[in-house]
Protein chains: 4
Amino acid sequence: MSKIRVTIWNEFRHERKNEGVKKIYPEGLHKAIGTGIACDEFEIRYATLDEPDHGLTDEVLDSTDVLIWWGHAAHAEVRDEIVAKVQQHVWDGMGLICLHSSHMSKIFRLLNGTSGKLHWREVGERERIWCVNPAHPIAAGIPETFVLEHEEMYGEPFCIAWDAQPVFISWFEGGEVFRSGVTFQRGNGRIFYFRPGHEAYRTFYNEMVLRVISNGVRWAAPTLRAPYPKTHREGSYEPISDKGVDFPKAGIILN
Amino acid sequence: MSKIRVTIWNEFRHERKNEGVKKIYPEGLHKAIGTGIACDEFEIRYATLDEPDHGLTDEVLDSTDVLIWWGHAAHAEVRDEIVAKVQQHVWDGMGLICLHSSHMSKIFRLLNGTSGKLHWREVGERERIWCVNPAHPIAAGIPETFVLEHEEMYGEPFCIAWDAQPVFISWFEGGEVFRSGVTFQRGNGRIFYFRPGHEAYRTFYNEMVLRVISNGVRWAAPTLRAPYPKTHREGSYEPISDKGVDFPKAGIILN
Amino acid sequence: MSKIRVTIWNEFRHERKNEGVKKIYPEGLHKAIGTGIACDEFEIRYATLDEPDHGLTDEVLDSTDVLIWWGHAAHAEVRDEIVAKVQQHVWDGMGLICLHSSHMSKIFRLLNGTSGKLHWREVGERERIWCVNPAHPIAAGIPETFVLEHEEMYGEPFCIAWDAQPVFISWFEGGEVFRSGVTFQRGNGRIFYFRPGHEAYRTFYNEMVLRVISNGVRWAAPTLRAPYPKTHREGSYEPISDKGVDFPKAGIILN
Amino acid sequence: MSKIRVTIWNEFRHERKNEGVKKIYPEGLHKAIGTGIACDEFEIRYATLDEPDHGLTDEVLDSTDVLIWWGHAAHAEVRDEIVAKVQQHVWDGMGLICLHSSHMSKIFRLLNGTSGKLHWREVGERERIWCVNPAHPIAAGIPETFVLEHEEMYGEPFCIAWDAQPVFISWFEGGEVFRSGVTFQRGNGRIFYFRPGHEAYRTFYNEMVLRVISNGVRWAAPTLRAPYPKTHREGSYEPISDKGVDFPKAGIILN
């Protein structure tokens, strides 16, 4: 069985500019995630905003099975033509995992069709995550509930599309709830949004968070990598009655 | 009860350039739709591509409850900033009805998150439309099945989001099937996609098609016209334990 | 416009046997609900477990647009043939609102296809209800969040069907979350499950709870009251080629 | 990797009583399916209506990962207590594949919550099946469309729950359409309904049909085999404020 080729994309700005964040993720949170989910099944690469083409060249995208995305303060700096390429790859079957503040990334909003807006508060409060669909492959090995002692709060209403299949719902110390883990499909591609992961906390060292992301990679790996063709169909499968001179002729029967 | 303010937007090119189409819809298909659905409940206006701002000024959008959209050959000419405004209005509650080839319009793709691609064939073949959810408000007064003698074929797979709630599924003479009437919600806005309506046929004079569009207008009319705010939340509803000096302070309790 | 005919069904045992409950709902919680939602649009009747046929005769069901159901300790005493009748009426278009512990009622489980199981705790803790779909008709006039100071806790995972369209999600003081308001359709009938309403608390005097139930009645009122026929189809709509002597003949073309 | 343990259940009456059917499926259609999907990944057993307990003893159900079900004329003869056991096993994670006329079986109706009704016609007409979600694991290796030359017609509206995720939609020669392949989840169990398979035709020798069923088995195999407990929760995860003497005491904090 061939490995799942994972590319972890990170904005990678906070970790270079903010001393507190640098202390937690000295090599960037993408490296913490990559180290945390490393296993025989995955082949892991990295890409970041400030590389040429944000590290997402055609070659990289063509050889990526699942793309993990973390962006926050610089969504607007991600170039539209790169986003359009990523979108096309998802429609053609590439998996996508959007983490935390990526709910406002161009790619998530474009694929979801929504604003991605929500309420938030940053006081390092306790988040309790509940698994609401224990039979979902993304929940494999995850207990009914687990806690992140310090996280940013995200609160409902969360402006997402209604095919959001909930796997996790969060409880926050300050009184909010949030659909924290939800799945989608767009074209042939599977998309998983997972809420935790503020840069100021040690979330990406949490064993449960890493296991959810690993499960997400396995779930989002393509079953079919092919374009959804917009195709003019010459001829028909079943015979079409003669419509006379006012209409184009039905072509050759196809099979 | 106040009237539902409907704006019917049409590309309005085929009817001016193509003699065959002009004969069918001499004043444009938007006028045929508007005349066909006219009733005491609706206040109807029109807007077309070649007007300034495509006829979709702030004033028009602010006073539109439901926008009906028909585009085909000139999707690319619709300016991005106008599309962004329409998208925001839908997120804030405005209803949207996308007809026929509008599956490839910028606004439908942006709100749906998909490519909108499908198969098609134009030989004027017979389309038989089945109502699969007779209890849906959009199906009120529509029989189990009705026929359009001449239509363009659209065939599955149709690249749409999976919250597509099917109301109608079509059978085509040449052997294809298609989810012809599907509903979505994005933000506060309700969206109805309805397949029929090729410019070369008399579809928008069909009594059943007009009734479906009328029902769609009533269903998509806003229940709430308000932004989904992306809001920083000062303070919390429930008390948050003291996190010490390493974390931002929890604000004032909200209520 | 004719009134919506509402029948409120209550087990009506706790209120007669338990002094604490009797003090809160001296005439039964069905009467508190009925008084609380009374308005010109509704025509309200009551039915209870210990009446003949549980108060749900053919005549009552035939003239009920929306049935509200509250059961708790005596689900097993509801006779199967009455439940089957209610199920058929929902399939044929009657609306159903299941309150609180009715998640384990025969009728909810039969229509949902699930066990309806969940976690619970009864310490009178604070429940904070969040509206996650403010544009849903059931959320009309409901604020983003409201509080019930004392309620029984229901916690995820909640074993319900995945077409559960969430309108409300609850936060509990003790750390749990719950999909508290969810909608379904079965056959032609619309179903709304709403979580609050333990008999030991004053929940059915809460203005927000009553407004949600009123909105639910309006939303669940039938658009179509007709059986989904299981019908042998004589003849076909489109011509069928001759299959020879081994197959039954295609009948007369239907239209 | 351990094998997927498949039990194929068949009513097995037509094949013994009807000469035409016997000629097509001399050992019963369950054996044709079992032979057709046999591979190293599956361990296949059979069970039929007229065996003691319909062949579905506790021992059999406990050691079944995926149950395939074909019933038609004798749904009413399947004993309720056996159906209840199967339902519980599905809620606890066992996969279920319901074929053809099993849309009216007790088990499908109980798990779906619907009547399962539809239109039908038996003239051996042509069915053309379209794959509408080519990226779904059940569609692996299945072309965009394939034909069954002779099948019974099933037509919309199909009374099923609205979480029906469509994988296949059928076109029929006589003018009908049908959601022919749809997936559900109930509790921890995955359910796949697949339409083709009338006893009078050679459908279960068709390579595509067999591949769809094989894919269905792999997709429905349990990820979690565990009950959804209905559990009273002693204590709470988060501290609960003192409610005074009028309320039950909050228990011990759980963790």
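Procedures and definitions
Residues numbered from 1 in each chain as written. Chains lettered and ligands numbered in written order. Predicted model: local features only at pLDDT ≥ 70, side-chain atom pairs only at ≥ 80, totals over all residues. Helix = DSSP H or I, 4+ residues; strand = E, 2+ residues; numbered from the N terminus. Contact = placed C-beta atoms within 7 Å. Buried ≥ 20, exposed ≤ 12 C-beta atoms within 10 Å, placed from the backbone. pLDDT = per-residue confidence, 0-100. Nonpolar A, V, L, I, M, F, W, Y, C, P; charged D, E, K, R; others polar. Pairing = 2+ DSSP bridges. Least-squares fit on C-alpha atoms with pLDDT ≥ 70 in both. Axes fitted to C-alpha atoms, helices over the stretch in contact; angles between N-to-C directions. Parallel < 35°, antiparallel > 145°, perpendicular 65-115°, else oblique.

**A short note on the overall build of chain A**
Phase 1 of the analysis: Scanning chain A from terminus to terminus reveals 7 helices and 10 strands.
Phase 2 of the analysis: On the principal axes, the C-alpha backbone points of chain A span a range of 75 × 40 × 40 Å.
Phase 3 of the analysis: Long-range pairs, those at least 24 residues apart, make up 68% of the contacts in chain A between residues at least 6 apart in sequence.

**A short note on helix 3 (residues 29–37) of chain D**
Note that an α-helix has 3.6 residues per turn; residues three or four places apart therefore point the same way.
Phase 1 of the analysis: Turning to helix 3 of chain D, its buried residues number three or more, namely Leu-29, His-30, Ala-32, Ile-33, Gly-34 and Ile-37 of chain D.
Phase 2 of the analysis: Where helix 3 of chain D is buried, its residues contact strand 1 (4–10), helix 1 (14–17), strand 2 (42–48), strand 3 (66–70) and helix 7 (207–220) of chain D.

**A word on unusual backbone geometry**
Residues and elements named next belong to chain B.
Phase 1 of the analysis: That bond from Glu-156 to Pro-157 is cis: its omega, 0°, falls within 30 degrees of zero.
Phase 2 of the analysis: Mapped onto the elements, Pro-157 comes out in the loop between strand 6 (145–155) and strand 7 (165–172).
Phase 3 of the analysis: Notably, His-100 is not glycine yet its phi reads approximately 50°, a positive angle.
Phase 4 of the analysis: Mapped onto the secondary structure, His-100 falls in the loop between strand 4 (95–99) and helix 6 (106–112).

**Examining the confidence of the model for chain A**
Phase 1 of the analysis: Per-chain confidence: chain A averages 94 in pLDDT, with 96% of residues scoring 70 or above.
Phase 2 of the analysis: If you check the scores for this complex, the pTM reads 0.96 and the ipTM reads 0.95.

**A look at the interface of chain D and chain C**
Frequently, the measure chosen for interface size is the accessible area that the parts lose on association.
Phase 1 of the analysis: With 45 residues of chain D at the interface, the matching set in chain C holds 44 residues.
Phase 2 of the analysis: Looking at the side of chain D that touches chain C, the elements with two or more residues in it are helix 6 (106–112), strand 5 (119–131), strand 6 (145–155), strand 8 (177–186) and strand 10 (231–232) of chain D.
Phase 3 of the analysis: Broken down by element, the residue count for the side of chain D that touches chain C peaks at 7 residues, all from strand 5 of chain D.
Phase 4 of the analysis: Broken down by class, the residue content of the side of chain D that touches chain C amounts to 17 nonpolar, 16 polar and 12 charged.
Phase 5 of the analysis: As paired strands, strand 10 (residues 231–232) of chain C and strand 5 of chain D are joined by 2 bridges and run parallel to one another. Bridge assignment links Thr-231 of chain C to a residue of strand 5 of chain D, and that residue is His-119 of chain D.

**Describing the relation of the copies chain D and chain C**
Phase 1 of the analysis: Between chain D and chain C, which share one sequence, the superposing operator has a rotation angle of 180° and an axial displacement of 0.0 Å; the RMSD is 0.0 Å. The superposition of one copy onto the other is thereby described by a two-fold rotation axis.
Phase 2 of the analysis: Same-surface contact between copies: 98% of interface residues of chain D are shared with the interface of chain C.

**With respect to the interface of chain A and chain D**
Phase 1 of the analysis: Facing 12 residues of chain A, the contacting portion of chain D comprises 12 residues.
Phase 2 of the analysis: Classifying every residue of the side of chain A that touches chain D by side-chain character gives 6 nonpolar, 5 polar and 1 charged.

**Describing the relation of the copies chain A and chain D**
One chain copy maps onto the other through a rotation about an axis and a shift parallel to that axis.
Phase 1 of the analysis: Between chain A and chain D, which share one sequence, the superposing operator has a rotation angle of 180° and an axial displacement of 0.0 Å; the RMSD is 0.0 Å.
Phase 2 of the analysis: A shared interface surface links the copies, since 100% of the contact residues of chain A are contact residues in chain D too.

**What to know about the packing of helix 3 of chain D against helix 7 of chain D**
All names here are of chain D.
Phase 1 of the analysis: Running from amino to carboxyl end, helix 3 crosses helix 7 at an angle of 75°, the nearest separation of the two axes being 9 Å. Judged by the inter-axis angle, helix 3 sits roughly perpendicular to helix 7. Every residue of helix 7 that contacts helix 3 at Ile-33, Gly-36 and Ile-37 is listed here: Leu-210, Ile-213, Ser-214 and Val-217.

**What to know about the pairing of strand 8 (residues 177–186) of chain C**
Residues and elements named next belong to chain C.
Phase 1 of the analysis: Summarising burial for strand 8: 10 of the 10 residues are buried, a large majority.
Phase 2 of the analysis: The pairing of strand 7 (residues 165–172) with strand 8 spans 6 bridges and is antiparallel. Bridging from a neighbouring strand, Gln-165 pairs with Thr-183 of strand 8.
Phase 3 of the analysis: The turn joining strand 7 and strand 8, which pair antiparallel and follow one another in sequence, is formed by 4 residues; a positive phi near 115° is taken by Gly-175.
Phase 4 of the analysis: As paired elements, strand 8 and strand 9 (residues 189–194) share 6 bridges and run antiparallel to each other. Considered in strand 9, the bridge of Gly-181 is made with Phe-194.
Phase 5 of the analysis: Counted between consecutive antiparallel strands, the loop separating strand 8 from strand 9 contains 2 residues, among which Gly-187 sits at a positive phi close to 60°.

**Focus on the environment of Asp-92 of chain B**
All names here are of chain B.
Phase 1 of the analysis: Note that Asp-92 resides in the loop between helix 5 (80–91) and strand 4.
Phase 2 of the analysis: Sequence separation between Asp-92 and Glu-207 is 115 residues, and the spatial gap between their C-alpha atoms is 32 Å.
Phase 3 of the analysis: When neighbours within four sequence positions are excluded, Asp-92 is seen to be in contact with Gly-187, Asn-188, Arg-225, Ala-226 and Pro-227.

**A word on the environment of His-150 of chain B**
Phase 1 of the analysis: Here His-150 of chain B is to be found in strand 6.
Phase 2 of the analysis: Between the C-alpha atoms of His-150 of chain B and Val-167 of chain B, which are 17 residues apart in sequence, the distance is 21 Å.

**As for the environment of His-75 of chain B**
All names here are of chain B.
Phase 1 of the analysis: By the secondary structure assignment, His-75 is in the loop between strand 3 (66–70) and helix 5.
Phase 2 of the analysis: In sequence terms His-75 and Ile-107 are 32 residues apart; their C-alpha atoms lie 9.2 Å from each other.
Phase 3 of the analysis: Excluding residues that lie within four positions of it along the chain, His-75 makes contacts with Met-104, Ser-105 and Lys-106.

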